[in-house]
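# Survey of secondary and tertiary structure
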Amino acid sequence: MRRRPPPSPSPLPQRDGIDAVRVRLPFDGAWATVREHLVERLAGAGPGVVAGMFEAGRIVGADGTAVAPDAAYVPGMFVWFHRELPAEVPVPFAVDVVHRDEHIVVADKPHFLATTPRGGHVTQTALARLRRELGIPALGAAHRLDRLTAGLVLFTVRPEERGAYQTLFRDKLVRKEYEAVAPYDPALALPRTVRSRILKERGVLAAREIEGEPNAVTGVELVEHRADGLARYRLAPATGQTHQLRVHMNALGVPILGDPLYPEVTAPVPADDFRRPLQLLARALEFTDPVTGTEHRFRSTRTLEAWVSYGGWAAEEPRTGSAQ
């Protein structure tokens, strides 16, 4: 099997930790100029946006030279440019680095910060921040945590090694442990292993359990409970379905505190409202390094606020800056 050649390096440097967009012109089509094709292809950017980028010299070829507005269409040609990014509300919590070596970075992500650029979260992501703060433009994510979940995330330093670390997660060779705060139900028999089939449909916020062969497996253990009706749970996912832990805890009748989707989808909150974070934390990661053979064991030092200070977590006043 012939391997695809590696993509050409971008002639444009990153901007705010974000790579330039690379577009390859189709081999078939009746466009007379590069501009004509991109105006059609990027119509969603709005009228006049692409034309303005050409006029400003912001669309470049492989050598970094600006593509002229009247440049002829060349099938298979690559062009690069930076998208205009919408303003984002800064997430005012630090991304802590737990471990860094020449191969990997393990970060302790706060609540409310997405792992990688997606949708309306681009520069305000753990990946973009770490690229800027650590000065590692090639940093990549080996896996992802939900934006609302805090805790450990593994990043790779060298692009050529990223696949090896991603394979660990694909092949279930990483032991992951989570912690959650949720209601205490004395009638709920624990520990137990929850197995179900979870379906997450595109465009639908919440996932749901359906009939069929299980594709989601979670070990659930009660760590401790207290008189106010709350409990702390240890969760050990053997699979990685979207929202798996949140769906399984809800199915057990003990939905995780602060969950805006389970058991019911609640109204969106303003982007600068950082109250009541989801009380779910990726507490531990353990794996054998596929490059060095080192046995790694990492633990988050974060705490779940509803457990240590329920009053502070449930406060009515919006918060925009305390550490988590």
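For the structure, see preceding data.
Residues take numbers from 1 onward in each chain, read along the sequence in its written order. Given that this is a predicted model, residues contribute local features only at a pLDDT of at least 70 and side-chain atom pairs are listed and counted only at 80 or more, while totals for whole chains, interfaces and linings are drawn from all residues. In computing side-chain values, all of the structure's heavy atoms are included and hydrogens and water are not.

## Details of the packing of aromatic side chains
When the centres of two rings from Phe, Tyr and Trp lie within 6.5 Å, Trp using its six-membered ring, the rings pair. Their planes under 30 degrees apart give stacked, over 60 give edge-to-face, and anything left gives tilted. For the coordinates displayed, the defined rule picks out 7 aromatic pairs. Taking 5.4 Å as the distance between ring centres and 40 degrees as the angle between the ring planes, the aromatic pair formed by W31 and Y73 counts as tilted. Residue W31 is found in the loop between strand 1 (21–24) and helix 1 (34–41), and its partner Y73 is found in the loop between helix 2 (49–55) and strand 2 (78–81); the two are separated by 42 residues along the sequence. Categorising residues by exposure relies on relative accessible area from a 1.4 Å probe, with only protein chains included: less than 20% of the type maximum marks a residue as buried, more than 50% marks it as exposed, and the intermediate range marks it as partly exposed. Under the relative-accessibility criterion, W31 is labelled buried at 18%. We classify Y73 as buried; its relative accessible area is 11%. Each helix is a run of DSSP H or I of at least 4 residues and each strand a run of E of at least 2, with the numbering of both proceeding from the N terminus.

## Overview of the pattern of salt bridges
What counts as a salt bridge is simple: a side-chain nitrogen of Lys or Arg found within 4 Å of a carboxyl oxygen of Asp or Glu. Inspection of the entire model under this criterion finds 22 salt bridges. Among the salt bridges present, the one from R302 reaches D96, with a minimum N-O distance of 3.5 Å. With R302 in the loop between strand 13 (295–299) and helix 6 (305–308) and D96 in strand 3 (residues 96–100), the pair connects residues that are 206 residues apart, well separated along the chain. Relative accessible area serves as the criterion here: at 6%, R302 is assigned to the buried category. What makes D96 partly exposed here is its relative accessible area of 33%. As a salt-bridge pair, E286 and R175 come within 3.0 Å of each other at their nearest N and O atoms. Here R175 lies in strand 7 (residues 175–183) and E286 lies in strand 12 (residues 280–288), a separation of 111 residues in the sequence. For E286, a relative accessible area of 24% gives the class partly exposed.

## Describing the environment of G258
The topology assignment puts G258 in the loop between helix 5 (244–251) and strand 12. Residue G258 is classed as partly exposed on the basis of its relative accessible area, which comes to 29%. For the pair G258 and L235, spaced 23 residues apart in the sequence, the C-alpha separation amounts to 17 Å.

## Side note on the nonpolar core
The biggest cluster of nonpolar side chains holds 36 residues, and the ones touching the most others in it are L139, F155, Y233, L235, M249 and L280. Elements that contribute at least two residues to this core include exactly strand 4 (104–109), helix 3 (126–134), strand 6 (150–156), strand 7, strand 11 (230–237), helix 5 and strand 12. The residues touching M249, leaving out its near neighbours within four places in the chain, are A182, V220, Y233, L235, V254, P255 and I256. Grouping buried Ala, Val, Leu, Ile, Met, Phe, Trp, Tyr and Cys residues that are joined through side-chain atoms within 4.5 Å yields what is termed a nonpolar core. By definition in these notes, contact holds between two residues if any of their heavy atoms fall within 4.5 Å.

## What about the side chain of R131?
The topology assignment puts R131 in helix 3. Among the polar contacts made by the side chain of R131, one reaches the main-chain carbonyl oxygen of G17 at a distance of 2.9 Å. Apart from residues no more than four positions distant in its own chain, R131 is found in contact with Q14, G17, I18, D19, I136, P137 and L139. Within 3.5 Å is the distance limit for a polar contact, defined as a pair of N or O atoms, with the added protein rule that one can donate a hydrogen and the other accept it, and that residues adjacent in sequence qualify only through two side-chain atoms.

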